[in-house]
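# Tertiary structure, described
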Amino acid sequence: MAVSTHPLQEDAIATIPRRRLFTVGEYERLGEIGILTEDDRVELIEGEIIEMAAKGDADVRCLMKCIRLFSQHTGGDLWLAVQDPVRLGGRLKPAPDLLVCRIADATTPVVPDASNTLVVVEVADSSLAYDRATKMPLYSRAGIPEAWLFDLVNKRVERHTDPALAGYRLIAVAHRGESLASTLLPGLTVVVDALLS
């Protein structure tokens, strides 16, 4: 017995809308012409403009402590950026909570990218699953040598190192009462109780 398909069903299948993906250049142009403003908390992930999760009190408190700690270990040609984007490829411009990049000439404006970014930091509460499953692998694929995830949900800190296409090969975890040192920033040690309290 033959089954017939209604013509309207065939047309509906044939006209499924496609998503419009943006390049970094197009995304930046949206900001230049005022479609996106500094008040828009968005980032470009795999060509899609993603609205970032709002920061709660715990996120803000932890981020402020991170800024203080990481700023003590930058200077010279190492610069600290707070919630600024980093160019990671043609369709990737995420905005980590913190990043440390190397800029040799402070008089020349340089946007952080995969070639000069050493460390990224994500402070995660409601965004934990997204930061771990989406952003950490992106940082690894781009070759960022060290990525930190401050997990406010489980009260732990993760240091991701040894980047590869499939994700970071080494993940060190510190819980309450423990600490974890940076592999790239001499003297930087994260004391979990101090940062997550």
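Residues numbered from 1 in each chain as written. Predicted model: local features only at pLDDT ≥ 70, side-chain atom pairs only at ≥ 80, totals over all residues. Heavy atoms only, no water.

## A look at the overall build of the chain
Spelled out, the test is: The secondary structure listing takes helices from DSSP runs of H or I that are at least 4 residues long and strands from runs of E that are at least 2 residues long, numbered from the N terminus. Think of it in three bands: residues with accessible area under 20% of the maximum for their type are buried, residues over 50% are exposed, and the middle band is partly exposed, with areas taken using a 1.4 Å probe on protein chains only. Only the protein chains shown count as cover for residues, with accessible areas throughout obtained via the Shrake-Rupley method and a probe of 1.4 Å. For the charge count, each Lys or Arg is scored as positive and each Asp or Glu as negative, with His and the chain ends excluded. For the purpose of locating charges, the reference atoms are NZ of Lys, CZ of Arg, CG of Asp and CD of Glu.
Per the secondary structure count, the chain includes 5 helices and 10 strands. If one aligns the C-alpha atoms of the chain with their principal axes, the spans along those axes are about 75 × 45 × 35 Å. Counting every position in the chain, which comprises 197 residues, the buried fraction comes to 39%. For the chain, the exposed surface amounts to about 11,000 Å²; the carbon and sulfur share of it is 55%. With 21 positive and 28 negative side-chain charges, the chain shows a spacing of 3 Å between the two charge centroids.

## Side note on the sheet that holds strand E5 (residues 117-124)
The cut-off we apply is this: Two strands are counted as paired when DSSP detects at least two bridges linking them. Orientation is described by lines fitted to C-alpha atoms, with helices fitted over the stretch in contact, and by angles between N-to-C directions that extend from 0 to 180 degrees. In this description, contact between two residues means that some pair of their heavy atoms is separated by no more than 4.5 Å.
What the 6 strands build is an open sheet, ordered E3-E4-E5-E6-E7-E8; its pairing is mixed. Strand pairing shows two members of the sheet lacking a second neighbour, strand E3 (78-82) and strand E8 (170-175), which therefore form its edges. For this sheet, the mean angle separating the axes of adjacent strands, direction not counted, is 15°. Along the sheet face, helix H3 (residues 57-71) touches E3, strand E4 (98-102), E5 and strand E6 (146-151) and points at about 155° away from the line of E5.

## Quick word on the environment of Arg87
What counts, and what does not: Throughout this description, a polar contact denotes any pair of N or O atoms lying within 3.5 Å of each other; where both atoms belong to protein, one of them has to be capable of donating a hydrogen while the other can accept it, and for residues adjacent in sequence the pair is counted only when both atoms sit in side chains.
The residue Arg87 is located in the loop between E3 and E4 in this model. In this structure the C-alpha to C-alpha distance between Arg87 and Pro112, which are 25 residues apart in sequence, comes to 6.4 Å. Ignoring anything within four residues of it in the chain, the contact list for Arg87 reads Val24, Glu28, Leu92, Lys93, Val111, Pro112, Asp113 and Ala114. Polar contacts involving the side chain of Arg87 include one to the side chain of Glu28, which spans 2.7 Å.

## Points about the side chain of Glu158
With respect to the helices, strands and loops of the structure, Glu158 is situated in strand E7 (residues 156-161). Assessed through its relative accessible area of 2%, Glu158 is described here as buried. Here the side chain of Glu158 touches His160 through a polar contact of 2.8 Å, side chain to side chain. Not counting residues within four places of it along the chain, the set of residues in contact with Glu158 comprises Arg132, Ala147, Trp148, Leu149, Asp151, Ile171, Ala172, Val173 and Leu180.

## Concerning the side chain of Asp151
Summarising the element assignment, Asp151 is placed in strand E6. On the basis of relative accessible area, Asp151 is assigned to the buried category, the value being 0%. A polar contact of 2.8 Å, which involves the side chain of Asp151, links it to the side chain of Asn154. Filtering out sequence-adjacent residues up to four positions away, Asp151 remains in contact with Ala124, Leu128, Arg132, Arg156, Glu158 and Leu196.

## Description of unusual backbone geometry
If you check the backbone angles, Lys155 has positive phi at about 55° while not being a glycine. Positioned with a positive phi, Asp162 is a non-glycine residue whose angle comes to about 60°. Relative to the helices and strands, Asp162 resides in the loop between E7 and E8.

## Thoughts on the nonpolar core
As a reminder, the rule being used: Only buried residues count toward a nonpolar core, which is a set of Ala, Val, Leu, Ile, Met, Phe, Trp, Tyr and Cys residues joined through side-chain atoms within 4.5 Å.
Grouped together as the largest cluster of nonpolar side chains are 25 residues, with contacts concentrated most on Phe70, Trp148 and Phe150. If you list the elements that add at least two residues to this core, you get H3, E4, E5, E6, E8 and helix H5 (192-196). By residue number, the principal contributor to this core is H3, which donates 5 residues. Within the second largest apolar cluster, 18 residues are counted, among which are Ile45, Val86, Leu88 and Leu128.

Bear in mind that shape data such as this cannot, by itself, settle questions of function.
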